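Observations on the model geometry
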Amino acid sequence: MIVPPLRAVADAWPAGMVVAVALFGLAIGSFLNVVIARVPAGRSLVRPGSACPGCSALLKWYDNIPVLSFLLLRGRCRSCGMTIAWRYPIVEVITAVVLVSGYVALGPTADFVVVVVLLPALIAITGIDMQHQLIPNAVTLPGILVGLVLNLATGRISWMESVIGILLGGGLFFVIILASRGGMGGGDLKLGAMLGAFLGWKALLFALFVAIVLGGATGVVLLATGLRGRKDPIPFGPFLAAGGAMALFWGERTFAWWIGGFGG
Ligand SMILES: [Zn+2]
C-alpha cells in the first residue's frame, strides 16, 4: 500500500529521505501543539488560525515556522511581547527526533508507517495529560480503530493479535480501576485499548511492563524528593505513552525472549 512508494524514494535518495522525515516531524510537531492547546478545550483544530494567547494577534506564516520562528522571535510574541511557552519548540523537536529515530531504526517499512501514526498521537496524549490530567477520547477512540485498520492494511501483525490487544488493554485497566478505586481512570483504559490495537497483545504486555516500572520509579523519586505529596495525582498517561513507544521498537523481540525463558 503505502510502503512500496516509500521504499522507492528511500532507495533513490537515502539522505534526502532522512531530511524529509525530519522536516515532516517538525511540521507534525507544530500541528501537535495545536492539538495539545485546543483538544482539551473542545476547540476546532482548523479554525481560527494560530493566534497569540496574550493579544489574540493572528500569527503570520513566517512567525509560525517550527522552531525557527521561536528562535528568531527569541520566544516572544511579535505584537505584544508575551513569552511563548517552551512547550512549542520542545514538542516540535521531540516529534522530529522520534520520527527520524524510527526511520533510522526501521527503514521504509510497515513498522515505520505505524511509528508515523502512533508516536505523534502518543506525544499529543502526553502533552495533554501532563497539563490537564486527562487523556482525550478524541485521540484514543479513533486511535483504536486506526490501529486495527493500519495492521489490517499493512499485514504487520494479524488482526487477531490486534483485537486481543484491544480486549487485553481495555480489560486489564478495567480490573485495575475496579481494584484501585481512583488513581486510574477511563482515559487510561481507552489508551490501553488503543495501544493494544496498534501493538498487538504481545508488545502491549511489554508496553504495560515498561509503563509500570517507569511510573513506579518516577513516583518513588517524586515522593522521596518531596516534589509531590502522597495525595497528589501523578498522571499515568505519559508512562503508558513511553511504554507504547518503546514497545514499537523492542516489544515483539522482548516478548519472544520472555516466552523463550530469557535464554536468547
Ligand atoms: Zn501577543
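Summary of the structure given here. (Residues numbered from 1 in each chain as written. Predicted model: local features only at pLDDT ≥ 70, side-chain atom pairs only at ≥ 80, totals over all residues. Heavy atoms only, no water.)

1. Focus: the overall build of the protein
Formally: Counting from the N terminus, the helices are DSSP H or I runs at least four residues long and the strands are E runs at least two residues long. Every radius of gyration here is taken over C-alpha atoms, with the globule rule written as 2.2 Å times N^0.38, N being the number of residues. Burial classification: accessible surface area is computed with a 1.4 Å probe over protein chains only, and a residue below 20% of its type maximum counts as buried, one above 50% as exposed, and the rest as partly exposed. Here, residues are in contact when the closest pair of their heavy atoms is within 4.5 Å. Using a 1.4 Å probe, accessible areas were evaluated by the Shrake-Rupley method; residue-level cover was limited to the displayed protein chains.
Across its full length, the protein holds nine helices and zero strands. Ordered by position in the sequence, the α and β elements of the protein form the string α-α-α-α-α-α-α-α-α. Relative to the globule expectation of 18 Å for 264 residues, the C-alpha radius of gyration of the protein, 20 Å, shows essentially globular dimensions. Considering only C-alpha atoms, the protein reaches an extent of 60 × 55 × 35 Å along its principal axes. Residue burial in the protein is summarised as follows: out of 264 residues, 41% are buried. Here the analysis covers contacts within the protein between residues at least 6 apart in sequence; of these, 70% occur between residues at least 24 apart. With an accessible surface of roughly 14000 Å², the protein has 71% of that area assigned to carbon and sulfur atoms.

2. Remarks on the coordination of the zinc ion
Keep this limit in mind: Each metal site lists N, O and S donors within 2.8 Å (3.2 Å for Na, K and Ca). With water left out of the atoms, a site can look as if it is missing ligands. Key to geometry: four donors with every angle between 85 and 135 degrees are tetrahedral; four donors are square planar and six octahedral where opposite donors lie over 155 degrees apart and all remaining angles lie between 65 and 115; all other sites are irregular.
The protein atoms donating to the zinc ion are Cys52 (SG), Cys55 (SG), Cys77 (SG) and Cys80 (SG), with metal-donor distances spanning 2.3 to 2.4 Å. Classification of the site at the zinc ion rests on its four donor atoms, whose angles at the metal span 105 to 114 degrees, yielding the label tetrahedral. On the primary sequence, the residues serving as donors to the zinc ion are separated as C-x2-C-x21-C-x2-C. Here Cys52 is found in the loop between α2 (14–38) and α3 (68–72), whereas its partner Cys77 is found in the loop between α3 and α4 (87–106), with 25 residues between them in sequence. Exposure class is identical for Cys52 and Cys77. Each is buried.

3. Here we look at the environment of Asp129
Keep this limit in mind: Throughout this description, a polar contact denotes any pair of N or O atoms lying within 3.5 Å of each other; where both atoms belong to protein, one of them has to be capable of donating a hydrogen while the other can accept it, and for residues adjacent in sequence the pair is counted only when both atoms sit in side chains.
Of note, Asp129 is situated in helix α5 (residues 110–132). Discounting residues that sit within four places of it in the chain, Asp129 has contacts with Leu134, Ile135, Pro235, Phe236, Gly237 and Pro238. In this structure the side chain of Asp129 is engaged in a polar contact, spanning 3.1 Å, whose partner is the backbone nitrogen of Leu134.

4. Looking at the packing of α4 against α5
The cut-off we apply is this: Between N-to-C directions, angles span 0 to 180 degrees; the directions come from axes that are lines fitted to C-alpha atoms, helices contributing only their stretch in contact. For classification, angles of less than 35 degrees are called roughly parallel, those exceeding 145 degrees roughly antiparallel, those between 65 and 115 degrees roughly perpendicular, and all remaining angles oblique. Working rule for handedness: look at the near helix, and if it is turned counterclockwise from the far one by less than a right angle, call the crossing left-handed; if clockwise, right-handed. Under the convention adopted here, Pro, Cys and the residues Ala, Val, Leu, Ile, Met, Phe, Trp and Tyr are nonpolar, Asp, Glu, Lys and Arg are charged, and Gly plus all remaining residues are polar.
Two numbers describe how α4 lies on α5: the axes approach to 10 Å, and their chain directions differ by 155 degrees. Considered as vectors, α4 and α5 are oriented roughly antiparallel to each other. The two elements α4 and α5 cross, and the hand of that crossing is right-handed. Residue-level contacts link Arg87, Val91, Ile94, Thr95, Val98, Leu99, Gly102, Tyr103 and Leu106 of α4 to Asp111, Phe112, Val115, Val116, Leu119, Pro120, Ile123 and Gln131 of α5. In the contact of α4 with α5, the residues fall into twelve nonpolar, three polar and two charged.

5. Here we look at helix α7 (residues 159–180)
The condition is simple: Take the residue count of a helix, subtract one, and multiply by 1.5 Å to get its expected span. To be clear, the arc concerns the directions from the helix axis to the C-beta atoms.
End to end, α7 covers 31 Å across 22 residues, agreeing with the expected 32 Å (1.5 Å per residue, within 8%). For α7, the set of buried residues is Glu161, Ser162, Gly165, Ile166, Gly169, Gly170 and Phe173. Taken end-on, α7 shows its buried residues confined to a sector of 155 degrees, consistent with a single buried face. Of the exposed residues in α7, those oriented more than 90 degrees away from the buried face are Leu167, Val175, Leu178 and Ala179. Buried-residue contacts for α7 involve α6 (137–154), α8 (186–224) and α9 (237–259). Following α7 by one or two positions, Arg181 has its phi on the positive side, about 45 degrees.

6. Quick look at a nonpolar patch on the surface
Condition: Note on patches: the residues involved have over 30% relative accessible area and no salt bridge, like charges join within 9 Å, and the nonpolar side chains Val, Leu, Ile, Met, Phe, Trp and Tyr join within 5 Å. Salt bridges are identified by distance alone: a Lys or Arg side-chain nitrogen within 4 Å of an Asp or Glu carboxyl oxygen.
A surface patch of nonpolar side chains, about 570 Å² in accessible area, is lined by Trp61, Tyr62, Ile65, Leu68 and Leu72. Assignment of secondary structure puts Trp61 in the loop between α2 and α3.

7. Quick word on the side chain of Thr95
Along the chain, the position of Thr95 falls in helix α4. Owing to a relative accessible area of 0%, Thr95 belongs among the buried residues under this scheme.

8. Overview of the packing of aromatic side chains
Note the threshold: Working definition: rings of Phe, Tyr and Trp (its six-membered ring) pair if their centres are within 6.5 Å, and the pair is stacked with planes under 30 degrees apart, edge-to-face with planes over 60 apart, and tilted otherwise.
On inspection of all chains with the given rule, the structure shows eight aromatic pairs. Ring centres of Tyr103 and Phe112 lie 5.2 Å apart, and the angle between their planes is 70 degrees; on these two criteria the pair is classed as edge-to-face. A relative accessible area of 5% means that Phe112 is categorised as buried.

9. Looking at the nonpolar core
Short version of the rule: Among buried residues, the Ala, Val, Leu, Ile, Met, Phe, Trp, Tyr and Cys ones that are joined through side-chain atoms within 4.5 Å form a nonpolar core.
Judged by nonpolar contacts, the single largest core of 44 residues is most densely connected at Leu118, Leu122, Leu191, Met194, Leu195, Leu199 and Leu240. Of all elements in the fold, only α1 (3–12), α2, α4, α5, α6, α7, α8 and α9 reach the threshold of two or more residues within this core. Core analysis: the next-biggest nonpolar cluster, separate from the first, contains eight residues, Leu32, Val35, Ile36 and Ala124 among them.

10. So, the pattern of salt bridges
When their charged atoms lie close together, side chains carrying opposite charge are able to pair. Taken as a whole and assessed by the stated rule, the structure comprises two salt bridges. The shortest N-O distance in the salt bridge between Asp63 and Arg78 comes to 2.8 Å. Of the two residues, Asp63 sits in the loop between α2 and α3 while Arg78 sits in the loop between α3 and α4, which places them 15 residues apart along the sequence. Arg78 sits in the exposed class, given a relative accessible area of 54%. Between Asp111 and Arg156 there is a salt bridge; the shortest N-O distance is 3.1 Å. Of this pair, Asp111 sits in helix α5 while Arg156 sits in the loop between α6 and α7, and the two are 45 residues apart along the sequence.

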